[in-house]
Amino acid sequence: MTQIFAHRGYSTLFAENTMGAFIEAEKAGADGLELDVQLTKDGEIVVIHDEKVDRTTTGKGFVKDFLFKEIRKLNANKDGQKKEPIPSLIEVLEWLQSNKLICNIELKNGLIPYEGMEEKVIQLVRNYGLSDRIIISSFNHYSIVYSYRIAPEIETAPLFIEGIYMPWIYAQSIRAKGIHPKHSAMSDTILVNTMENGIAVRPYTVNKDEDMHRLFKINCTAIITDNPVKALRIRKQYENKS
Ligand code: G3P
Ligand code: CA
């Protein structure tokens, strides 16, 4: 059965990449989460999508220029009622101890080459004993390969905006156990061939009914969606068929 990963948490209804959005995704019955990480000036891994805090918080400026204790004062739920800080990765990993969710950590090191990001993330994942429930993804495929080299026990998955020829060959060549393509970038045949070659396929960001139906029909490994509740409802129609 296709797994449902909540993209930045249950982000259609709750502020993206906040503990609130993660907790609500788990309550709704999602199988996993996707979240994004950046690095503060003093080397803390924090959960936020953009390199800057401007779009999603009450602050302004680059994450890399904030000390952790300063960035924690910002509100990442600026349209909501309750103030929510930007979570640290530690906070999320601690909370993951209380449930069974899979967690896809996307390293946001494509624009800013955060030094030591891979080591820090991997150290935390190991400290919390979560290596078998974490998937590290990134658009920075050098970082994916580096992560695999230092932690072969943790699954990796390169992200793709566009289709490539025989993605399973590429995935195998970098020892990735999965690929995370933009959902519209690869045909059903390519996705099915990839899975038949032993590579997991988790397309993003699958929000429309027709796209969910398409991927449930081919029994895709997982979908990454902003709306896990809708996905769970649609997936019901396909249960017992796989
Ligand atoms: O991990 C899938 C997806 O989140 C990649 O794009 O921009 O939403 O981080 P973006
Ligand atoms: Ca992401």
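Residues numbered from 1 in each chain as written. Chains lettered and ligands numbered in written order. Predicted model: local features only at pLDDT ≥ 70, side-chain atom pairs only at ≥ 80, totals over all residues. Heavy atoms only, no water.

Engineer: Honestly, the packing of aromatic side chains in this entry has me stumped. Any pointers?
Structural biologist: Aromatic rings in a pair are described by how distant their centres are and how their planes are angled relative to each other. Tallied over the full model, the rule gives four aromatic pairs. On the basis of an interplanar angle of 65 degrees and a centroid distance of 5.4 Å, the ring pair of Tyr-10 and Phe-14 is categorised as edge-to-face. Since its relative accessible area comes to 9%, Tyr-10 is described here as buried. Under the relative-accessibility criterion, Phe-14 is labelled partly exposed at 30%. An angle of 70 degrees between the planes, with centres 5.9 Å apart, marks the rings of Phe-160 and Tyr-170 as edge-to-face. Placement of the pair is Phe-160 in strand β6 (residues 155–160) and Tyr-170 in helix α6 (residues 167–173), with a sequence separation of ten residues. The exposure class assigned to Phe-160 is buried, which follows from its relative accessible area of 6%. One Lys or Arg, Lys-64, reaches over the ring of Phe-62 and ends 5.1 Å from the middle of that ring. (Phe/Tyr/Trp six-rings, centres within 6.5 Å; stacked < 30°, edge-to-face > 60°. Buried < 20%, exposed > 50% of the residue type's maximum accessible area, 1.4 Å probe, protein only. Helix = DSSP H or I, 4+ residues; strand = E, 2+ residues; numbered from the N terminus. Lys NZ or Arg CZ within 6 Å of the ring centre and 35° of its normal.)

Engineer: Would you take a moment to explain the side chain of Thr-40 for this structure?
Structural biologist: Among the structural elements, Thr-40 can be located in the loop between β2 (32–39) and β3 (45–47). Ignoring sequence-local partners within four residues, the contact set of Thr-40 consists of Val-46, Val-63, Lys-64, Phe-66, Phe-68 and Ile-71. (Contact = heavy atoms within 4.5 Å.)

Engineer: Mind showing me how you'd approach helix α4 (residues 117–127) here?
Structural biologist: Along an α-helix, a turn takes 3.6 residues, which lines up residues three or four apart on a common side. Listed as buried for α4 are Met-117, Glu-118, Val-121, Ile-122, Leu-124 and Val-125. Around the axis of α4, the buried residues are gathered within 160 degrees of arc, so they sit on the same side. Looking at the buried residues of α4, the elements they touch are β2, β3, α3 (89–96), β4 (102–107), β5 (134–138) and α5 (141–150). A positive backbone phi angle near 65 degrees is found at Gly-129, which sits one or two residues after α4. (Arc of directions from axis to C-beta.)

Engineer: I would appreciate a short explanation of the site of ligand 1 in the present structure.
Structural biologist: Around ligand 1 sit His-7, Arg-8, Glu-34, Asp-36, His-49, Glu-106, Lys-108, Phe-139, Leu-159 and Tyr-204, and those are all the residues in its vicinity. Here an oxygen atom of ligand 1 sits 2.8 Å away from a polar atom, N or O, in the side chain of His-49. Contact with the protein chains removes 89% of the 290 Å² of surface that ligand 1 exposes when unbound. (Near = heavy atom within 4 Å. Polar contact = N/O pair within 3.5 Å; in protein donor to acceptor, adjacent residues only side chain to side chain. Areas by Shrake-Rupley, 256 points an atom, 1.4 Å probe, with all protein chains shown as cover.)

Engineer: What is the right way to read the coordination of the calcium ion (ligand 2) from this model?
Structural biologist: Under perfect tetrahedral coordination by four donors, a metal shows angles of 109.5 degrees; under perfect octahedral coordination by six donors, it shows angles of 90 or 180 degrees. Here the calcium ion (ligand 2) is held by Glu-34 (OE), Asp-36 (OD) and Glu-106 (OE), and the distances to it run 2.1 to 2.2 Å. Sequence spacing of the donors to the calcium ion (ligand 2): E-x1-D-x69-E. Linking Glu-34 in strand β2 with Glu-106 in strand β4, this pair joins segments that are 72 residues apart in sequence. As far as the burial class goes, Glu-34 and Glu-106 line up, both buried. (Donors = N, O, S within 2.8 Å, 3.2 Å for Na, K, Ca; no water.)

Engineer: Just checking my understanding: could you explain the pairing of β6 for this structure?
Structural biologist: A regular strand carries its side chains on alternate faces of the sheet. Extensive coverage of β6 is indicated by the burial of five of its six residues. For the crossover that starts at β5, traverses α5 and ends in the parallel β6, the hand is right-handed. Two strands pair when backbone bridges link them, and β6 and strand β7 (residues 178–181) are joined in this way by two bridges, in the parallel orientation. In the strand pairing of β7, Phe-160 is matched with Pro-181. Handedness of the β-α-β unit built from β6, α6 and β7 comes out right-handed. (Right-handed = clockwise from strand over helix to strand, strands pointing away. Pairing = 2+ DSSP bridges.)

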